[in-house]
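Architecture at a glance
So you can see what is in the structure, the chains are spelled out below.
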Amino acid sequence: MSHKRMPKRKAAIAVGGVAALGAAALLLPNAMASQDQGKASNAGGTARTLKAADASDLAARLQKTLGDSIAGTYYDDAKKQLVVNVADGDGTAAAQAEKAGAAVRHVANSTAELKAAAHTLKTRATVPGTAWAVDPRTDKILVTADSTVTGAKWDKVRSTVRGLGSGMATLKKSSGTFKTFLSGGDAIFAQVQGGGVRCSLGFNVTASDGSPAFLTAGHCGVAAKQWSDSQTGQPLATVDQATFPGNDFALVKYDDATTQAPSEVNAGNGQTVQITQAQDATVGETVFRMGSTTGLHDGQVTGLDATVNFQSETDPGGVDTVNGLIQTNVCAEAGDSGGSLFTQDGGAVGLTSGGSGDCTNGGETFFQPVTAALQATGATLGGGAGGQAGAGDQSGAGDQSGSGAQAGAGDQAGGDQTGGTADPSATGGDQNGGGQGQDQGAGQQGSGDQGAGDQSGAGDQSGADAPSYSGGNDGSSLTGTN
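**Some details on the overall build of the protein chain**
The secondary structure content of the protein chain amounts to six helices and 27 strands. Looking at the protein chain as a whole, 59% of its 482 residues are labelled buried. Here the protein chain displays about 17,100 Å² of accessible surface, and carbon together with sulfur accounts for 47% of that area.

Right, here's the structure in full:
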């Protein structure tokens, strides 16, 4: 790992860092899928060309102004425009969105209808291994069931989705298993009864009382109270607040009040990305995830306000439901929990929560929004100098539930990942360090029925203007600009 030790201890864990860097390949699925029910237009003016961060700001302002009059937003990465969904017949909302510089798209499903459908899913289909989120590009709710959802459970989920109607929701089967990635940017370690656990440091922050701290996943914070920057080292930080399930974030304060915690992501190979602000995610934008197991990977935001039903780690028959998450097609594996989700231009977006799949075959990963974690804890990014984003209005459906039973630690970590130096000319395969954590808890992949369900591939997943990398998966440098 790459650590910065400042006065007294001369140590602060660098944000979300890892020595072994896996450069993510840019996946560019073709244009918008046929499920789209409308075409974006800007009859009242010219839609503005926007960077993803500016599109996110505009989306938040329109959401605050127009509320449920708009039925979701997304970023068209190819055209560099914010697209706003407006239910058919709402000319007033369309005119205001166009005036603000967005491209307007008329759709069949209103926000109220999408929320009602999400409530039905919560009532009738809350089983372990399911997730759902609104995909504004298709104007539908995308429901995903992992490989453990079989038999009567699968029939229950499928019948509920079919009852909503083909124009309201689609169902997809995942070959992986939804699980929290407990184990983890720069790795942080804790000792608990039964062994050790490892998670990721997400972003350094300043707590509301002015003390240095960092954010990580809530399921890490409820698993252990004290955390170190090495597997056998003395604790450096203590959990101050932790929420899981319901949400998935924890505020961990450095024990040494003089620790200077830089607001940056350590991208490995001597590179850092300065984190200057917290921002809400926008569907369609390109994002980057850093984790100690798999390094750096990129992808697109595919949904907001997602609900995920994890198998409970403390109750074999229970469910740990987390709401309000960011859904992405970025991969992750055990060891990446709590790690940084960020944008190329320095926006802190999310903390790795959980998902399914891996970085060989792909999968989906869900993230706790950073803006919501900052608002809940009262913390500010870094030393408090950077611009701070509010909690933001997340579009899409999903009921917010309170906190339930606390999850315990289930994943056993292996040795400290060292990574080493990779061949600068390498172009294939992830260069992962040795001694990765071994997941011993909930989330072993099941066999499940892989054939049923409607496969949804909708959405403009264009990766235009995403950062490029030289030297393959070995500690490459960010060279692109957005």
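**A closer look at the sheet that holds strand β27 (residues 380-381)**
A sheet is described by the order of its strands in space; here six strands give the open sequence β15-β16-β17-β14-β13-β27, paired in antiparallel fashion. Strand pairing shows two members of the sheet lacking a second neighbour, β15 (226-227) and β27, which therefore form its edges. Taken together, the six bridges between strand β16 (residues 237-243) and strand β17 (residues 249-254) define a ladder with antiparallel strand orientation. Following the sheet pairing, Thr 243 is matched in β17 by Phe 249. Seen against the sheet, helix α6 (residues 370-377) touches β13 (203-206), β14 (212-216), β16, β17 and β27 and runs at an angle of roughly 60° to β17.

**Structural notes on the state of the cysteines**
When the sulfur atoms of two cysteines share a covalent bond, that bond is a disulfide. Tallied over the entire structure, the rule returns two disulfides. Across the disulfide from Cys 331 sits Cys 359; the S-S distance is 2.0 Å. Negative torsions about the S-S bond denote left-handed disulfides, and the value of about 100° found for Cys 331 with Cys 359 makes this one right-handed. In this pair, Cys 331 is assigned in the loop between β23 (319-328) and β24 (340-342) and Cys 359 in the loop between β25 (347-358) and β26 (362-369), connecting sequence segments 28 residues apart.

**A closer look at the packing of helix α1 (residues 52-66) against helix α2 (residues 91-100)**
Between α1 and α2, whose axes approach to 11 Å, the crossing angle comes to 150°. What the angle tells us is that α1 and α2 run roughly antiparallel. Judged by the sense of rotation from one axis to the other, the crossing of α1 with α2 is right-handed. Counting all contacts with α1, which are made through Leu 58, Leu 62, Thr 65 and Leu 66, the residues of α2 involved are Ala 93, Gln 96, Ala 97 and Ala 100. Residue composition of the contact of α1 with α2, by class: six nonpolar, two polar and no charged.

**As for the side chain of Lys 253**
Within the fold, Lys 253 resides in strand β17. At 2.8 Å, the side chain of Lys 253 forms a polar contact with the side chain of Asp 209. Residue contacts for Lys 253: discarding those within four places in its chain leaves Ala 207, Asp 209, Ser 211, Pro 212, Ala 213, Leu 236, Ala 237, Thr 238 and Asp 240.

**Some details on the pairing of strand β11 (residues 187-192)**
Looking along a regular strand, one sees side chains alternate from face to face of the sheet. The pairing of β11 with strand β12 (residues 195-200) spans six bridges and is antiparallel. Counterpart to Phe 189 in the pairing with β12 is Arg 198. The antiparallel hairpin formed by β11 and β12 contains two residues in its connecting segment, where Gly 194 sits at a positive phi of about 100°.

**Some remarks on the nonpolar core**
Counting residues in hydrophobic clusters, the biggest one holds 22 residues, and the most contacted among them are Phe 203, Val 205, Leu 215, Phe 342, Val 370, Leu 374 and Leu 381. Elements that contribute at least two residues to this core include exactly β13, β14, β17, β21 (286-291), β25 and α6. In terms of residue count, the dominant contributor to this core is α6 (three residues). Judged by nonpolar contacts, the second largest core, of 19 residues, contains Ala 117, Ala 125, Val 157 and Val 161.

**Structural notes on the environment of Gly 350**
Looking at the secondary structure, you find Gly 350 in strand β25. The exposure class of Gly 350 is buried, given its relative accessible area of 0%. Counting along the chain gives 63 residues from Gly 350 to Val 287, while the straight-line C-alpha distance between them is 9.7 Å. Excluding residues within four positions of it along the chain, Gly 350 makes contact with Phe 203, Gly 339, Ser 340, Leu 341, Phe 367, Gln 368, Pro 369 and Val 370.

Reading the values: rules and limits
Residues numbered from 1 in each chain as written. Predicted model: local features only at pLDDT ≥ 70, side-chain atom pairs only at ≥ 80, totals over all residues. Heavy atoms only, no water. Helix = DSSP H or I, 4+ residues; strand = E, 2+ residues; numbered from the N terminus. Buried < 20%, exposed > 50% of the residue type's maximum accessible area, 1.4 Å probe, protein only. Areas by Shrake-Rupley, 256 points an atom, 1.4 Å probe, with all protein chains shown as cover. Pairing = 2+ DSSP bridges. Contact = heavy atoms within 4.5 Å. Axes fitted to C-alpha atoms, helices over the stretch in contact; angles between N-to-C directions. Disulfide = S-S within 2.5 Å. Parallel < 35°, antiparallel > 145°, perpendicular 65-115°, else oblique. Left-handed = near helix turned anticlockwise from the far one by under 90°. Nonpolar A, V, L, I, M, F, W, Y, C, P; charged D, E, K, R; others polar. Polar contact = N/O pair within 3.5 Å; in protein donor to acceptor, adjacent residues only side chain to side chain. Core = buried A, V, L, I, M, F, W, Y, C linked by side-chain atoms within 4.5 Å.

Geometric values such as these leave the question of function open.
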